[in-house]
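Structural features, examined
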Amino acid sequence: MEPPHSYLQQASAAVVHHQDYLNHRQDHALCGAMLEAPTVLDAEPPDVCPDCEVKLVEYHAVWWRETALAAVAELEELRVRYRELAGEDTAADTEAPRQEAPVPDLPEPVTFLDRARKELLELCRQFDGAVPYFRLKNTMQAFSDRLGTDERVILAEEIGADGSLIRWCATEAERLGWTVTNSPVQAENELMWDAWTHDAYQAPKKTKWRLGRSRD
Ligand SMILES: [Zn+2]
């Protein structure tokens, strides 16, 4: 696909001009020369007016732009027809491009705490009112494991206080309306809680056994 050309020649003159593609004047050449009753040549002549050649760049730019815009318009029309064929509501089509635009800007869970809350909520919804503590702990532990070291630090900062994700989740679950069953929190013993959370990261309780046996 190329911009089409056509040529004008005045009967008496040897020089051949381009048509006035830009202003579409029948009695003018592209270079601006006035022509009297010119003959239109279809085939490209060996020599064309150099002033016309200079203006050709401008014509080509305009032509390509118009061609591109027409292609875009045609594509948009095809999209609309495609949606109609796909069974979508025609009324919704006109709204669709405007609705689609902001989607990438919509904030997905922004902070790690938001993501943790989302994860927690997804878990809680699987239970009717009461979430077993071990499920909460396992799920949030898995969530935490999927984070990088830096991300875990940020998450801990977002949690604040002592930065314990599991503890935050237990509180958050209660706040969202679920009861956490078999939670160390119910024992209302912070030390016991700490023992629980520490156990999650530490090796077997050899120390305890040794302490127990050290008496004999
Ligand atoms: Zn010319």
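See the structure above.
Residues numbered from 1 in each chain as written. Predicted model: local features only at pLDDT ≥ 70, side-chain atom pairs only at ≥ 80, totals over all residues. Heavy atoms only, no water.

Before going further, it helps to spend a moment on the coordination of the zinc ion. Octahedral metals with six donors have ideal donor angles of 90 or 180 degrees. Tetrahedral metals with four donors have an ideal donor angle of 109.5 degrees. Looking at the zinc ion, the protein donor atoms are His17 (ND1), Cys31 (SG), Cys49 (SG) and Cys52 (SG), and they sit 2.1 to 2.4 Å from it. If you look at the zinc ion, its 4 donor atoms make angles of 104 to 115° with each other, and the shape they trace is tetrahedral. Between consecutive donors of the zinc ion, the numbers of intervening residues give the motif H-x13-C-x17-C-x2-C. Taken as a pair, cysteine 31 in the loop between strand 2 (16-18) and strand 3 (39-41) and cysteine 49 in the loop between strand 3 and helix 1 (50-85) lie far apart in primary sequence, 18 residues in all. Overall, the relative accessible area of 26% leaves cysteine 31 in the partly exposed class. (Donors = N, O, S within 2.8 Å, 3.2 Å for Na, K, Ca; no water. Tetrahedral: all angles 85-135°; square planar, octahedral: opposite > 155°, others 65-115°. Helix = DSSP H or I, 4+ residues; strand = E, 2+ residues; numbered from the N terminus. Buried < 20%, exposed > 50% of the residue type's maximum accessible area, 1.4 Å probe, protein only.)

Even without being glycine, histidine 24 reaches a positive phi, approximately 55°. Given a relative accessible area of 60%, histidine 24 falls into the exposed group. The backbone of alanine 37 shows a phi angle near 40°, a positive value even though the residue is not glycine. You can see alanine 37 is positioned in the loop between strand 2 and strand 3. Taking the relative accessible area as the measure of exposure, alanine 37 reaches 71% and is therefore exposed.

Within the largest apolar cluster, 21 residues are counted, with the highest numbers of intra-cluster contacts made by Leu136, Met140, Leu155 and Leu165. Of all the secondary-structure elements, those providing two or more residues to this core are helix 3 (112-124), helix 4 (133-146), helix 5 (149-159) and helix 6 (165-175). For this core, the element with the most residues is helix 3, which contributes 6 residues. In this structure, leucine 165 is in contact with Ala116, Met140, Phe143, Ser144, Leu155 and Ile159, ignoring residues within four places of it in sequence. By size, the runner-up hydrophobic cluster in this structure holds 10 residues, among which are Ala29, Leu56, Tyr59 and Trp63. (Core = buried A, V, L, I, M, F, W, Y, C linked by side-chain atoms within 4.5 Å. Contact = heavy atoms within 4.5 Å.)

Okay, the packing of helix 4 against helix 6 next. Relative to each other, helix 4 and helix 6 sit at 125°, their axes nearing to 10 Å. The angle between the axes of helix 4 and helix 6 places the two elements in the oblique class. As helix 4 packs across helix 6, the resulting crossing turns out to be right-handed. Contacts from Tyr133, Leu136, Lys137, Met140, Gln141, Phe143 and Ser144 in helix 4 reach Leu165, Ile166, Cys169, Ala170 and Ala173 in helix 6. Here the contact of helix 4 with helix 6 is built from residues that sort into 9 nonpolar, 2 polar and 1 charged. (Axes fitted to C-alpha atoms, helices over the stretch in contact; angles between N-to-C directions. Parallel < 35°, antiparallel > 145°, perpendicular 65-115°, else oblique. Left-handed = near helix turned anticlockwise from the far one by under 90°. Nonpolar A, V, L, I, M, F, W, Y, C, P; charged D, E, K, R; others polar.)

Here the focus is the side chain of serine 6. Within the secondary structure, serine 6 is located in the segment before strand 1 (7-9). A polar side-chain atom of serine 6 sits 2.8 Å from a polar atom in the side chain of glutamine 19. Ignoring sequence-local partners within four residues, the contact set of serine 6 consists of His17, His18, Gln19, Tyr21 and Leu41. (Polar contact = N/O pair within 3.5 Å; in protein donor to acceptor, adjacent residues only side chain to side chain.)

Turning our attention to the pattern of salt bridges. Under the counting rule described, the total for this entry stands at 8 salt bridges. In this structure, the salt-bridge partner of arginine 79 is glutamate 76, at a minimum N-O distance of 3.1 Å. Of the two residues, arginine 79 and glutamate 76 are both situated in helix 1; the distance of 3 residues between them amounts to about one turn of the helix. When its relative accessible area of 40% is taken as the criterion, arginine 79 is described as partly exposed. (Salt bridge = Lys/Arg side-chain N within 4 Å of Asp/Glu carboxyl O.)

On to helix 4. Look at helix 4: 20 Å from first C-alpha to last across 14 residues, which is about the 20 Å you get at 1.5 Å a residue. Within helix 4, the full set of buried residues consists of Tyr133, Leu136, Lys137, Thr139, Met140, Gln141, Phe143 and Ser144. (Expected span 1.5 Å × (residues − 1).)

Another point: the sheet that holds strand 1. If you trace the 3 strands from one edge of the open sheet to the other, you get 2-1-3, paired in antiparallel fashion. Whereas interior strands pair on both sides, the edge strands pair on one side only; in this sheet they are strand 2 and strand 3. Neighbour-to-neighbour, the strand axes of the sheet open up by a mean angle of 40°, direction not taken into account. (Pairing = 2+ DSSP bridges.)

Purely geometric stuff here, so don't read any function into it on its own.
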